[in-house]
Structures are given as C-alpha cells and as structure tokens.
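# Working through the structure, step by step
Below, each chain spelled out in residue letters.
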Amino acid sequence: MTVTVAEIKELKDYFVTTYHANRIKEQELDNKYIQDTFEVPFLKTGVGVVRTGKGYRMVSAPAEHIITSNPQVFRDYKGNADAYMRVAAEANRWLRLMLRMVPQPFKQHVKYLLGMGEAWIYVVHNNSFQKDDPNDMPVEFVLLDPLIVFGDRVERNGIPERLIINYQRIASTIHDSYPDWTWKNRKPGTKDTDKVPFVMYI
C-alpha cells in the first residue's frame, strides 16, 4: 500500500512526540550517566563535582572484552559443499572488513545494548560496490543511535513493520547520499554545512 508524505509526517510526529516520548526521555537520562554529564544538585555551593567516567567504563568494559580479533563464519552444509564454502568465505571477508571500521560495529553494538537497552543495524545497498575490489562489500552496515530510531509497535518476527529515523543531518551529506534531493524550503542565509531535519521512513 502506498504511503503519502503527509501520512509519514503524521506517523513521525506520533512516534517522536507520543509513542516513544518516555523511552527517549529515559535513554537521554541514561546517556547523561554514561557520558558523565548528569546533574548533581545536592552539593553545597563551592563544592566541585569530580567526574570519574565510571559510567562509560561500565558500558564499554564488557564490549572491550569481546574477542573480535578473528571472527569467523561456519556453515553446515548438505549436498554441494563447495557452494556452502564459497558463501562462508565471502561472509568471512565481510567480517574482516568490518573489523577495520570505526567505530567497530561489533563492540559498538554491545555498547548500545548495554547503555541504551537496544541496538539497531541498518543494512543498505552499496551503490558504488566494485565487485573486483577486495576491500568492498555489496552492502553497508550502519549502526544507528537508538535515540534517532522510532519503531512501530506492530512487529513481525521481532522486526517492526514500520520504522522512522529522525534527526538533524548536515545538508551536504544528504545531497551526497541522495543526488536528486533539492532543498525546496531552504531559508536565506543557510549553508550546505548547516544541519536540517532529516526523516527516513522504512
């Protein structure tokens, strides 16, 4: 069924301001403890706050202990073993490339789970994929900050039927990803380096 732009905007407003409002409020509070920026209102005037960063270490330490130096994919096979081995070899090549990414997706995924209580991986086609380049993959794995992801309450096999991604994004990066995008409502004086509202409906 085709969804109109007006319906997407209405859904975004409902997800952001109503359905997920309490979740976002709680995650923002949790994030203050992780980043060690939480308020300490009970100290007397003149008493300084000592920021130890313990909250960040509590979230990061388990992720750092995950053994990710040599992740591997194995496949049980029936029939043509060669075909299964080729798939496993390709998956292992992807894993080696992902180990080079910054932040490293395996550890960052765990940090989001421990800090925010959830983690999202957006798998998108790599439009500039070069088949003969050993350092390229046909898809990209984008780890999204849970604070910008708003999922539908209706799920199928644990996957929301509808998803809204909502955040402020630098205008030039939008144009890089979507060359046909035109900045119709551009205000006078705004620059390509300015951030603009960005909404994605999935």
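The rules behind these values
Residues numbered from 1 in each chain as written. Predicted model: local features only at pLDDT ≥ 70, side-chain atom pairs only at ≥ 80, totals over all residues. Heavy atoms only, no water. Core = buried A, V, L, I, M, F, W, Y, C linked by side-chain atoms within 4.5 Å. Buried < 20%, exposed > 50% of the residue type's maximum accessible area, 1.4 Å probe, protein only. Helix = DSSP H or I, 4+ residues; strand = E, 2+ residues; numbered from the N terminus. Contact = heavy atoms within 4.5 Å. Pairing = 2+ DSSP bridges. Axes fitted to C-alpha atoms, helices over the stretch in contact; angles between N-to-C directions. Expected span 1.5 Å × (residues − 1). Parallel < 35°, antiparallel > 145°, perpendicular 65-115°, else oblique. Left-handed = near helix turned anticlockwise from the far one by under 90°. Nonpolar A, V, L, I, M, F, W, Y, C, P; charged D, E, K, R; others polar.

### Considerations on the nonpolar core
In this structure, W120, L144, I148, V149, L163, I165, A171, I174, V196, F198 and M200 together form the largest nonpolar core, which totals eleven residues. In terms of residues, this core owes the most to one element, strand β7 (residues 195-201), which gives three residues. Setting aside its immediate chain neighbours within four residues, V149 contacts R23, W120, L144, L163 and I164. L11, M116, L147 and F150 belong to the second-largest nonpolar core, a separate cluster that totals ten residues.

### Re the sheet that holds strand β6 (residues 163-170)
Overall, antiparallel pairing links the three strands, which are arranged β3-β6-β7 in an open sheet. Of all the strands in the sheet, just β3 (149-151) and β7 have a single pairing partner and so form its edges. Strand-to-strand, the axes of this sheet are offset by a mean angle of 15 degrees, without reference to chain direction. Relative to the sheet, helix α1 (residues 5-19) contacts β3, β6 and β7, its axis offset from that of β6 by approximately 90 degrees.

### Brief notes about helix α5 (residues 105-116)
Here α5 is twelve residues long and its end C-alpha atoms lie 16 Å apart, about the 16 Å a rise of 1.5 Å per residue gives. By the burial criterion, the buried members of α5 are P105, K107, Q108, V110, K111, Y112, G115 and M116. Positive phi shows up at G117, right after α5, with a value of about 85 degrees.

### Structural notes on helix α4 (residues 81-98)
The end-to-end C-alpha distance of α4, which contains 18 residues, comes to 26 Å, matching closely the 26 Å that a straight helix rising 1.5 Å per residue would cover. All of the buried residues along α4 are A88, N92, R93, L95, L97 and M98. In this structure, the buried side of α4 is in contact with α5 and β2 (139-144).

### Overview of the packing of helix α3 (residues 54-64) against α5
Where α3 meets α5, the closest approach of the two axes is 8 Å, and the angle between their N-to-C directions is 140 degrees. One finds that α3 runs oblique with respect to α5. Considering only the axes of α3 and α5, their crossing is right-handed. Contacts between α3 and α5 involve Y56, V59, S60, P62, A63 and E64 from the former and K107, V110, K111, L114 and G115 from the latter. The residue makeup of the contact of α3 with α5, split by class, is six nonpolar, two polar and three charged.

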